[in-house]
Amino acid sequence: TSNIMISSEIHTVDLSMLASRETAAQIRSGELTSYTAVFEHNINNYKIVSNLGARLYFVVGTQEELVESVLSGKAQAMVCDENCVAAILKARDQEDAFETIRSNITTVGYAIAVRKGADTLLRSINDGIIKIRMSGQYEIILRRWNKQTIDVDNLIKNTIVVASVVSVIAIA
């Protein structure tokens, strides 16, 4: 039994598989048929991931660890939120060294976790998510975020903005 309860989904992202340009070309041409792929622990459909053609998969905890695994040579490809990884690669001046091998592999949802038994808090958070979506504010925040140059600072700042707005609405 879990000690947490999960809110309604706040956001979803489609996962993609990225690799270095050289590795991507080798995979596409069929020259590289046996490779290692890494993915983040929050992927909820391991069957889809297992059908991507890699001979070995391993799991890490964060998008930063995905990038590090590929840059260090522990893996040749990564299954990830392409926008998030693009921000990390840009911060490391590596954004032009990688390309997408496959898009829209599966969708991962993001939500807020609360301690089991915190029913009032969970209801407040879910009510806040509904209010922010019904008011149109969610789309405004999302559009503003998508227009900005994606970098790690903006990614963190906008995640905090969305969480803060949900929290304020939940408390109101």
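My aim in this report is to walk through the structure given alongside it, one point at a time. In every chain, residue numbers begin from 1 and rise along the written sequence. Per-residue local features of the predicted model are confined to residues with pLDDT of at least 70, and side-chain atom pairs are confined, for both listing and counting, to 80 or more; whole-chain, interface and lining totals are unaffected and use all residues. Side-chain figures throughout are based on the complete set of non-hydrogen atoms in the structure, without hydrogens or water.

## Here we look at the pairing of strand β3 (residues 36–40)
Every other side chain in a regular strand lies on the same face of the sheet, so the side chains alternate between the two faces.
Here is step 1: With respect to burial, β3 is a largely interior element, five of its five residues being buried.
Here is step 2: Of the two faces of β3, both are covered, the one formed by Thr36, Val38 and Glu40 as well as the one formed by Ala37 and Phe39.
Here is step 3: At least two bridges found by DSSP between two strands is the condition for calling them paired. The helix count covers DSSP runs of H or I at least four residues long, the strand count covers runs of E at least two residues long, and both are numbered beginning at the N terminus. In this sheet, strand β4 (residues 56–60) lies alongside β3 in parallel orientation, the contact comprising five bridges. If you follow glutamate 40 over to β4, its bridge partner there is valine 60.
Here is step 4: Looking at chain direction, β3 and strand β5 (residues 77–81) are connected through three bridges and run parallel. Its bridge partner being in β5, phenylalanine 39 is matched across the sheet by valine 79. Relative accessibility thresholds used throughout: buried, under 20% of the residue-type maximum; exposed, over 50%; partly exposed, between the two (1.4 Å probe, protein chains only).

## What to know about the packing of aromatic side chains
One pair of aromatic rings is described through two measures. These are the centre distance and the angle between the planes.
Here is step 1: When the centres of two rings from Phe, Tyr and Trp lie within 6.5 Å, Trp using its six-membered ring, the rings pair. Their planes under 30 degrees apart give stacked, over 60 give edge-to-face, and anything left gives tilted. Inspection of every chain in the model, using the stated rule, returns one aromatic pair.
Here is step 2: One Lys or Arg, arginine 133, reaches over the ring of tyrosine 138 and ends 3.9 Å from the middle of that ring. Only when the NZ of Lys or the CZ of Arg is both within 6 Å of the ring centre and within 35 degrees of the ring normal is a charge said to sit over the ring.

## Focus: the environment of isoleucine 48
Here is step 1: Within the fold, isoleucine 48 resides in helix α2 (residues 46–50).
Here is step 2: A relative accessible area of 29% places isoleucine 48 in the partly exposed class.
Here is step 3: Isoleucine 48 sits 58 residues away from threonine 106 along the chain, and the two C-alpha atoms are 7.2 Å apart.
Here is step 4: Residue contacts are counted whenever heavy atoms from the two residues lie within 4.5 Å of one another. Every residue in contact with isoleucine 48, bar those within four places of it in the chain, is listed here: Ile105 and Thr106.

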